[in-house]
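Remarks on the overall topology
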Amino acid sequence: MINREWQTVIVLSYTNATDEYGQTRTLPPTQRNVEMVCKVYSQMDVDNPKYNSIELLGITKDKDISTENEIKINNQIYVVKYVIPSGKYYQILMEKK
């Protein structure tokens, strides 16, 4: 059943750099395609308040996604809040930017 729900999403990776004056600036993000299953995160009675802002749960085999990335799904950008490694797949908890 999960095999029919895979979709291609874009992972945005930002590289911080300094200019000639030593000021930090964010360069335009690099983009790469990743296969992911995305579901609406619908936990209403969450005991832990850090999960209250989570809107989407993504499942992927890509082990290079971290909290420094953003994910673009259907022209909407989501910020990666938490990454939970769990065996073969990684769980990505995201909130809308």
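Residues numbered from 1 in each chain as written. Predicted model: local features only at pLDDT ≥ 70, side-chain atom pairs only at ≥ 80, totals over all residues. Heavy atoms only, no water.

Some remarks on the environment of valine 40
Defined as follows: Numbering of helices and strands starts at the N terminus; helices are DSSP runs of H or I of at least 4 residues and strands are runs of E of at least 2. Only protein chains enter the accessibility calculation, which uses a 1.4 Å probe; a residue is then buried when its area is under 20% of its type maximum, exposed when over 50%, and partly exposed in between. By definition in these notes, contact holds between two residues if any of their heavy atoms fall within 4.5 Å.
Structurally, valine 40 can be placed in strand 4 (residues 30–40). On the accessibility criterion, valine 40 (64% relative accessible area) is exposed. Once the C-alpha coordinates of valine 40 and isoleucine 54 are considered, the two residues, 14 residues apart in sequence, prove to be 9.0 Å apart. Once residues lying within four places of it in the same chain are set aside, the contact partners of valine 40 are Glu55 and Leu56.

A closer look at the environment of serine 13
What counts here: Polar contacts, as used here, are pairs of N or O atoms within 3.5 Å; protein pairs need one atom able to donate a hydrogen and one able to accept it. Residues neighboring in sequence count only if both atoms are side-chain atoms.
Here serine 13 lies in strand 1 (residues 7–13). Note on serine 13: relative accessible area 18%, which makes it buried. In this structure the C-alpha to C-alpha distance between serine 13 and isoleucine 65, which are 52 residues apart in sequence, comes to 9.0 Å. Setting aside its immediate chain neighbours within four residues, serine 13 contacts Pro29, Thr30 and Asn69. At 2.9 Å, the side chain of serine 13 forms a polar contact with the side chain of asparagine 69.

Description of the nonpolar core
Stated formally: The definition of a nonpolar core used throughout is a set of buried Ala, Val, Leu, Ile, Met, Phe, Trp, Tyr and Cys residues joined through side-chain atoms within 4.5 Å.
Residues Val9, Met36, Ile65, Ile71, Ile73, Ile92 and Met94 are the most contacted members of the largest nonpolar core, which totals 14 residues. Only strand 1, strand 4, strand 6 (69–73), strand 7 (76–86) and strand 8 (89–96) provide two or more residues apiece to this core. Residue contacts for isoleucine 92: discarding those within four places in its chain leaves Met36, Leu56, Leu57, Gly58, Thr60, Ile65, Ile71, Val80, Tyr82 and Val83.

Overview of the pattern of salt bridges
Think of it this way: side chains of opposite charge can pair up when their charged atoms draw near. Let me state the cut-off plainly: Within this document, salt bridges are pairs made up of a side-chain nitrogen of Lys or Arg and a carboxyl oxygen of Asp or Glu, the two lying within 4 Å of each other.
Within the structure shown, the criterion is met by four salt bridges. With its nearest N and O atoms 2.5 Å apart, the salt bridge here joins lysine 39 to glutamate 5. You can see lysine 39 sitting in strand 4 and its partner glutamate 5 sitting in the segment before strand 1, a full 34 residues away along the chain. Glutamate 5 sits in the partly exposed class, given a relative accessible area of 27%. The salt bridge involving glutamate 95 is made with lysine 81; its shortest N-O contact spans 3.4 Å.

Quick look at the sheet that holds strand 7
Spelled out, the test is: Strand pairing is defined by DSSP finding a minimum of two bridges between the two strands. Lines are fitted to the C-alpha atoms to define the axes, a helix being fitted only along its stretch in contact, and any angle between axes, read from their N-to-C directions, falls within 0 to 180 degrees.
Strand order in the closed barrel formed by six strands is 1-4-5-8-7-6, and the pairing between neighbours is antiparallel. Across this sheet, the average inter-strand angle for adjacent strands is 45°, counted without regard to direction. Both strand 6 and strand 7 contribute to a ladder of four bridges, which runs antiparallel. In the sheet register, glutamate 70 faces strand 7, and the bridge partner there is valine 79.

Observations regarding the side chain of threonine 60
Inspection of the secondary structure puts threonine 60 in strand 5 (residues 56–60). For threonine 60, a relative accessible area of 0% translates into the label buried. Side-chain polar atoms of threonine 60 contact the backbone oxygen of glutamate 35, separated by 2.9 Å. Looking at threonine 60, its side chain comes within polar contact range of the main-chain nitrogen of aspartate 62, at 3.2 Å. Apart from the residues within four sequence positions on either side, threonine 60 is in contact with Trp6, Val34, Glu35, Met36, Ile65, Lys88, Tyr89, Tyr90 and Ile92.

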